[in-house]
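Listed below are the residues making up each chain.
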Amino acid sequence: MICFREGSLPLPDVSNTSLGELVALSNSAFEGTQVLQNSEQCYPVPRNMTMKLTNEQISARVLYFGLFNGVGRTRTQSKMIVRGPSYSFAANISVEGCITSSMQGQYCNQTVELLSCGLSHNNSGNGSASGFFNQSMLSCRNNFETSCLGDEEMKIYTLEILRVAEFLTISAENVRLRPVNNSGNSSGIDLMCFVRYGAMPSATLHDFSGNLNKSPLVINSPKVGQWYISILALNLSKETGGSQSNVSKVCYSLELQELECPLGKAGPNCLSERYMLQTVLRKDSTPFESYFLPYGEKVMSDAANFLLEPLLSNYSFGGLDTWTYFILDIPHGAAGGNLHILLTSDRKLNYEIYVRNGGLPSLVNWDYYYVNKTSNSHGSMFFALYSSSEEKADFYILYVSEGTWNIALRNLNSTDGTSNRQTTMSVSLERCPKRCSYHGDCKSALDASGLTSYSFCACDRTHGGFDCSIEIVSHQGHIRQSIALIASNAAAVLPAFWALRQKAFAEWVIYTSSGISSGLYHACDVGTWCALSFGVLQFFDFWLSFLAVVSTFVYLTTIGEVYKRAIHTVVAILTALMAITKATRPSNVILVMAIGALALLVGWLIEFSTKYRSLSFSMDLCLNSLERRRIREWVNSLVKTIMKRFRWGFLLAGFIALAMAAISRDLENSQNYWIWHSVWHVTIYTSSFFFLCSKVITINSGNGRPTDANYQLTRQDSLSRG
């Protein structure tokens, strides 16, 4: 599947939210919807895929997409789990943009006007109770002061917010009709305003909207970055009472006011404390791993956490609660890290935590929040809560986006005082959540562009999930599975014993080596003990298993040792090449069976050419009665020989065991691998034993060598005819 995410890397293993209802990927899936903003979307990948997204459907920021093969809680569990097939792919991505920033839109044909801004000061506190703090008011206007629009015409403006602001007010001043002598009423005109962060707004796709001719549009806590504003005039012809040809235009002056608090202040009326957190890199750690501490003299400790109470805001707006804000920056390239926030108190926590990217959080504007263990953003796929209690809040924001993050602490019931409370806070950027829960290793890698470092957990044999926190197999279950997978290879004793009893030493060596190598391989695979490297053990296991299957076919023929050694040599080379390239591919089973059947056919042809070459008859079109009688006798003799060559009960049992082996292999999956693969070991070796027993062997009293009984009968028939 392919997953998209803006600002950070996708992580579909976190929850089933992004994997719930997978719809086919096509351009129709993106039409009229804002699918790539603020969430992760995953789609199954077809064989061939072409899609196009316009700048109305994506924001002007980093867009990550990932290709995933085999997701789920057991994806990182163990090497013993059956792997899915591997895929190769080729991708071509092109990004087209407008040449100038003043021309935007899907076809770069929409003029965008940059608003000019100037700084003004408001010393009255903007209606605050005390008016003590100075507030900075940034006023912005359109360059020509007056803009005019016809009916259903649209004009687009852009504004870049550079610093954290409290609110943004958009208003239309001096709304009037032109020509001046027009008798229409401008109060009935709808001057619609559509606002969108980072992308072009429209009537169907926007973040905020309002009728500026009725009231100003107020955006609380706007995000830092580029904003686009479109103004659309409606109902103009209705109010002027004219036809479409003589409709006048409505003119207005667009004015924006952006309120910024002074340094160290934030919140309503700029009366709450705001702290900028400095980045402190961890020693001997992976890239971007760091923790954050406030600037200022109040922090005396060099530890990764800091005492919270001395930093809290004292002012209570309305006497209910106070807010304290902390700001930190996630640098470019660190989108594959995890933001860890930890609060620990000596008594019940009296704080609510709200986190937002790009703007100040509040009760209505937030990306993630924590109130208590039962009320938090746990439904979000990128919010992970750990070991929290009444005295502790511990959570991660997974694969945190680049940019400015704001953390707000809401102190409830502040009238009780905080002088006798001890609460420590820790904010850090970590590579793997909870150090992979101490059940795996944290690995680091770079994305395909080489610009972003991300981390992931390689879990041990008994745990899975993105953070190795899911116990897939208990300790007792792991022991039970290990014993089953290793001990089931003892079934190789059956064909090895029979081969040794019949003095088939080559087959005995192959079966014995196959059972031992398979046991050693699975002992390493389940994490018990590795005699050699995993790759070497895997090669020997598959190679000797392939060779044992083909040797069973060769054993069913009655040919000389010279021919057997030649066939074994060729087969050993072929199976070694199969095992060293892609040993685990499912097609190897079919290839091995085909090679075994071919070896059996070659052996029978060699046997036929040596035992029955004395048979000759005329190939004339008119056969005399004597020749026809000889052919009938030869055919009858051949049928009797085949019937006497095998013990058909053992042969039938061999095919039944082989069918059971095929069924058990088909039933293997990540949950029942251990039991069905153990059954596979037992049935495949048992089928080889039955096939070996199905061949009739007698001892020639003349020289004491093991000889095929049917060969004796055939030879006696030839002598009697002679």
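In this text the structure is predicted, and so the values were computed from the model without any measurement. (Residues numbered from 1 in each chain as written. Predicted model: local features only at pLDDT ≥ 70, side-chain atom pairs only at ≥ 80, totals over all residues. Heavy atoms only, no water.)

Caption draft 1: Focus on the overall build of the protein chain. The helix and strand tally for the protein chain stands at 11 helices and 33 strands. Counting every position in the protein chain, which comprises 722 residues, the buried fraction comes to 48%. Put simply, 70% of the contacts in the protein chain that link residues at least 6 apart link residues at least 24 apart. Surface summary for the protein chain: the accessible area is close to 36800 Å², and the carbon and sulfur share equals 57%. (Helix = DSSP H or I, 4+ residues; strand = E, 2+ residues; numbered from the N terminus. Buried < 20%, exposed > 50% of the residue type's maximum accessible area, 1.4 Å probe, protein only. Contact = heavy atoms within 4.5 Å. Areas by Shrake-Rupley, 256 points an atom, 1.4 Å probe, with all protein chains shown as cover.)

Caption draft 2: Region of the structure containing the UniProt feature "transmembrane region" (unreviewed entry) in the protein chain. The residues that UniProt annotates with the feature "transmembrane region" (unreviewed entry) are residues 542–559, 566–583, 589–606, 646–663 and 675–693. As annotated, residues 542–559 has a helix share of 78% and a strand share of 0%, and its two end C-alpha atoms lie 27 Å apart. Helix and strand shares over residues 566–583 are 94% and 0% respectively, and the end C-alpha atoms of the span are 24 Å apart. (UniProt positions renumbered as here; feature names shortened; annotations may be inferred.)

Caption draft 3: Molecular detail of the state of the cysteines. Under the counting rule described, the total for this entry stands at 8 disulfides. For Cys-148, the disulfide goes to Cys-251, at an S-S distance of 2.0 Å. Across the S-S bond linking Cys-148 and Cys-251, the dihedral sits near 100 degrees, which makes this disulfide right-handed. Here the residue Cys-148 occupies a position in strand S8 (residues 147–149), and Cys-251 occupies one in strand S15 (residues 249–260), the gap between them amounting to 103 residues. Covalent S-S linkage joins Cys-261 and Cys-270, the inter-sulfur distance amounting to 1.9 Å. What sets the handedness of the Cys-261 and Cys-270 disulfide is the S-S torsion sign, and at about -80 degrees it is left-handed. Accessibility assignment for this pair places Cys-261 and Cys-270 in one class, buried. (Disulfide = S-S within 2.5 Å.)

Caption draft 4: Geometry of the confidence of the model for the protein chain. Per-residue pLDDT for the protein chain has a mean of 79; in total, 79% of the residues score no lower than 70. Predicted confidence in the protein chain is weakest over helix H11 (residues 709–721), with a mean pLDDT of 42, and strongest over strand S12 (residues 208–211), with 94. In the model, residues 31–35 has pLDDT below 50 throughout and makes 8 contacts with residues more than four positions away in sequence or in other chains. Ignoring residues within four places in sequence, the model shows residues 699–722, a span with pLDDT below 50, making 30 contacts including any to other chains. (pLDDT = per-residue confidence, 0-100.)

Caption draft 5: Layout of the nonpolar core. Grouped together as the largest cluster of nonpolar side chains are 47 residues, with contacts concentrated most on Phe-326, Leu-343, Ile-407 and Met-425. If you tally residues by element for this core, the top one is strand S25 (residues 392–397), at 4 residues. Each of domain 1 (2–67) and domain 3 (270–431) accounts for three or more of the residues forming this core. Apart from the residues within four sequence positions on either side, Ile-407 is in contact with Thr-324, Tyr-325, Phe-326, Leu-328, Ile-341, Ile-353, Tyr-354, Val-355, Pro-361, Met-425 and Val-427. (Core = buried A, V, L, I, M, F, W, Y, C linked by side-chain atoms within 4.5 Å. Domains from an automatic or database assignment.)

Caption draft 6: Geometry of the packing of aromatic side chains. Tallying each qualifying case throughout the model produces 25 aromatic pairs. When the ring of Tyr-454 is compared with that of Phe-456, the centres are 6.3 Å apart and the planes differ by 35 degrees; the resulting orientation is tilted. Under the relative-accessibility criterion, Phe-456 is labelled partly exposed at 37%. Plain terms: the ring middles of Trp-498 and Phe-689 are 6.4 Å apart, the flat faces sit at 90 degrees to each other, and that makes the pair edge-to-face. You can see Trp-498 sitting in helix H3 (residues 493–501) and its partner Phe-689 sitting in helix H10 (residues 673–693), a full 191 residues away along the chain. Accessibility assignment for this pair places Trp-498 and Phe-689 in one class, buried. In textbook terms, an aromatic cluster arises when at least three aromatic residues are bridged by ring pairs, as seen for Trp-323, Tyr-325, Tyr-354, Trp-366 and Tyr-369. For Arg-5, the ring lying beneath its charged end belongs to Phe-382, and the centroid distance is 3.4 Å. Looking at Arg-665, its charged tip hangs above the ring of Trp-680, at a distance of 5.0 Å from the centre. (Phe/Tyr/Trp six-rings, centres within 6.5 Å; stacked < 30°, edge-to-face > 60°. Lys NZ or Arg CZ within 6 Å of the ring centre and 35° of its normal.)

Caption draft 7: Broad picture of the side chain of His-478. Relative to the helices and strands, His-478 resides in helix H2 (residues 475–487). Not counting residues up to four positions away in its chain, the partners in contact with His-478 are Arg-461, Thr-462, Val-473 and Val-526.

Caption draft 8: Here's a closer look at a nonpolar patch on the surface. Together, Val-45, Met-49, Phe-65, Leu-67, Phe-89, Ile-93 and Val-95 line one region of the surface with nonpolar side chains, adding up to about 700 Å² of accessible area. Along the polypeptide, Ile-93 turns up in the loop between strand S3 (63–67) and strand S4 (103–104). (Patch = residues over 30% accessible without salt bridge, like charges linked within 9 Å, V, L, I, M, F, W, Y side chains within 5 Å. Salt bridge = Lys/Arg side-chain N within 4 Å of Asp/Glu carboxyl O.)

Caption draft 9: Main features of the pairing of strand S11 (residues 190–197). Most of S11 is tucked away: 8 of the 8 residues are buried. Side-chain alternation along S11 places Asp-190, Met-192, Phe-194 and Arg-196 on one buried face and Leu-191, Cys-193, Val-195 and Tyr-197 on a second face that is also buried. Here S11 pairs with S12 via 4 bridges, running antiparallel. Pairing of Val-195 across the sheet is with Phe-208, part of S12. (Pairing = 2+ DSSP bridges.)

Caption draft 10: Region of interest: the sheet that holds S3. The 3 strands lie next to each other as S2-S1-S3, forming an open sheet whose pairing is antiparallel. Lying at the two open borders of the sheet, with one neighbouring strand each, are strand S2 (41–43) and S3. Ignoring strand direction, the axes of neighbouring strands in this sheet form an average angle of 20 degrees. Relative to S3, strand S1 (residues 2–6) runs antiparallel, the two being bridged by 5 bridges. What sits directly across from Phe-4, in S3, is Phe-65. (Axes fitted to C-alpha atoms, helices over the stretch in contact; angles between N-to-C directions.)

Caption draft 11: Quick peek at helix H6 (residues 561–582). Taking 1.5 Å of rise per residue, 22 residues should cover 32 Å, and H6 covers 31 Å from first to last C-alpha, within 8% of that figure. Along H6, the residues classified as buried are Lys-564, Ile-567, His-568, Val-571, Ala-572, Thr-575, Ala-576, Met-578 and Ala-579. (Expected span 1.5 Å × (residues − 1).)

Caption draft 12: Looking closely at the pairing of strand S20 (residues 321–330). Buried residues dominate S20, accounting for 9 of its 10 residues. Both S20 and strand S26 (residues 403–412) contribute to a ladder of 10 bridges, which runs antiparallel. The residue bridging Tyr-325 from the neighbouring strand is Ala-408, located in S26.

Caption draft 13: Region of interest: the pattern of salt bridges. With the rule as written, the count across this model stands at 8 salt bridges. Measuring nitrogen to oxygen at the nearest pair gives 3.9 Å for the salt bridge that ties Arg-347 to Asp-346. With relative accessibility at 47%, the residue Asp-346 sits in the partly exposed group.

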